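# Notes for the structure review
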Amino acid sequence: MERRRFGPTRREVSVVGQGTWFIERAGRAAAVAALRRGIDLGMTHIDTAEMYGDGAAEEVVGEALAGRRGEVFLVSKVLPQNASGSGTVLACERSLARLQTDRLDCYLLHWRGENPLEDTIAAFERLRAAGKILSWGVSNFDVPDLEEARRIAGEGRLACNQVLYHLKERAIEHAVLPWCERHSVAVVAYSPFGHGEFPGPRTRGGQVLREIATAHHATPRQVALRFLLRRPSLFAIPKASSPEHAEENAGAGALRLTAEELALIDAAFPPGPRPRELPTL
Ligand SMILES: NC(=O)c1ccc[n+]([C@@H]2O[C@H](COP(=O)([O-])OP(=O)(O)OC[C@H]3O[C@@H](n4cnc5c(N)ncnc54)[C@H](OP(=O)(O)O)[C@@H]3O)[C@@H](O)[C@H]2O)c1
């Protein structure tokens, strides 16, 4: 499994990680087995959130990490309605208890809400000083929100922006991705398979993925993941609820695509027009 420097942190993190939204619905034993198999295969970047299953996903992750906490880069998220100065600290402590750990490797604001960003960031810094989180970041932030976070925290504090990114949703490429790269912020692709909307084998895009996969003795999903990882700032966190799916996803970690193959995928899944409301960079 390839690893990369995660934004401004000094941590090398697996390019393919594991999401956990709805993972508890697979049943606890299957979910734990999937996560543990994924860790065995190097998918040690684990993403969860207090929101997922109202804490149930964090409990599953806690069980999967028993005896293995040191192997993983563990990320959780605070809900915006909890992200006041004191609320962020309390939410983090609840997450730590469910995860049965004393620290998160990265703690994210799940999306921008009503609580002032200054208060959330001040709480993140207090948690960092206390050793309860080792770094912090954001999720679903557009460029104006990212600018605001950087203005408040200063350069080099924001570890990552976790954003929607898959073959049929490439909007971040217009402004968010370039901004993050300019400021050394890791970009974590969530829903990298389109949250269940993966291109079907009969679509033109699906056929392109299949042809490239066949040439590499790989699968279309592995090819799709590798395309999303084609820049050094990028990470992806597919969610799998079975060991078999986890094994397939981990296979993307060693796959390499040629420039020509990347161009074919780029043409089959064009990024779409630049949204008008985003500032020009
Ligand atoms: N920050 C945010 O706002 C935000 C929003 C959405 C998601 N996320 C994070 O990103 C993670 C991933 O996104 P997602 O869960 O929305 O969707 P996703 O990873 O794009 O897709 C998950 C779906 O793909 C299936 N799948 C996974 N591996 C497969 C394989 N090898 N073969 C066939 N099917 C496979 C899963 O089925 P099985 O479950 O049956 O394996 C599930 O139905 C989430 O779990 C969460 O941690 C963050």
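To be clear, the structure that these remarks concern was listed above.
Below: a short report on this structure.

Calculation criteria
- Residues numbered from 1 in each chain as written.
- Predicted model: local features only at pLDDT ≥ 70, side-chain atom pairs only at ≥ 80, totals over all residues.
- Heavy atoms only, no water.
- Near = heavy atom within 4 Å.
- Polar contact = N/O pair within 3.5 Å; in protein donor to acceptor, adjacent residues only side chain to side chain.
- Areas by Shrake-Rupley, 256 points an atom, 1.4 Å probe, with all protein chains shown as cover.
- Helix = DSSP H or I, 4+ residues; strand = E, 2+ residues; numbered from the N terminus.
- Axes fitted to C-alpha atoms, helices over the stretch in contact; angles between N-to-C directions.
- Parallel < 35°, antiparallel > 145°, perpendicular 65-115°, else oblique.
- Left-handed = near helix turned anticlockwise from the far one by under 90°.
- Contact = heavy atoms within 4.5 Å.
- Core = buried A, V, L, I, M, F, W, Y, C linked by side-chain atoms within 4.5 Å.
- Buried < 20%, exposed > 50% of the residue type's maximum accessible area, 1.4 Å probe, protein only.

Take the site of the ligand next. Taken together, 26 residues are adjacent to the ligand, and Asp47, Phe193, His195, Ser241 and His245 come closest. Lys239 places a polar side-chain atom, nitrogen or oxygen, 2.8 Å from an oxygen atom of the ligand. When the ligand sits alone it has 900 Å² of accessible area, and the protein chains cover 86% of it. Of the residues forming the shell around the ligand, the biggest block, 3 residues, is contributed by helix H9 (residues 243-250).

Right, let's get into unusual backbone geometry. Although it is not a glycine, Asn140 sits at a positive phi angle of roughly 60°. Within the secondary structure, Asn140 sits in the loop between strand E6 (136-139) and helix H5 (143-153).

This part takes up the packing of helix H4 (residues 117-129) against H5. Viewed as axis vectors pointing N to C, H4 and H5 meet at an angle of 55°, and their least axial separation amounts to 10 Å. Relative to H5, H4 is oriented oblique. Crossing angle aside, the handedness with which H4 passes H5 is right-handed. Two secondary-structure elements touch here, H4 through Leu117, Glu118 and Ile121 and H5 through Asp145, Glu148, Ala149, Ile152 and Ala153.

Take the nonpolar core next. Ranked by size, the top nonpolar core spans 77 residues in total, and within it Tyr107 and Ile265 carry the most contacts. Filtering out sequence-adjacent residues up to four positions away, Tyr107 remains in contact with Ser76, Lys77, Val78, Thr88, Ala91, Cys92, Phe124, Leu127, Ile133, Ser135, Trp136 and Gly137. With 12 residues, the next largest nonpolar core counts Phe73, Cys106, Phe235 and Ile237 among its residues.

Everything listed here is a matter of coordinates, which is why it stays silent on function.
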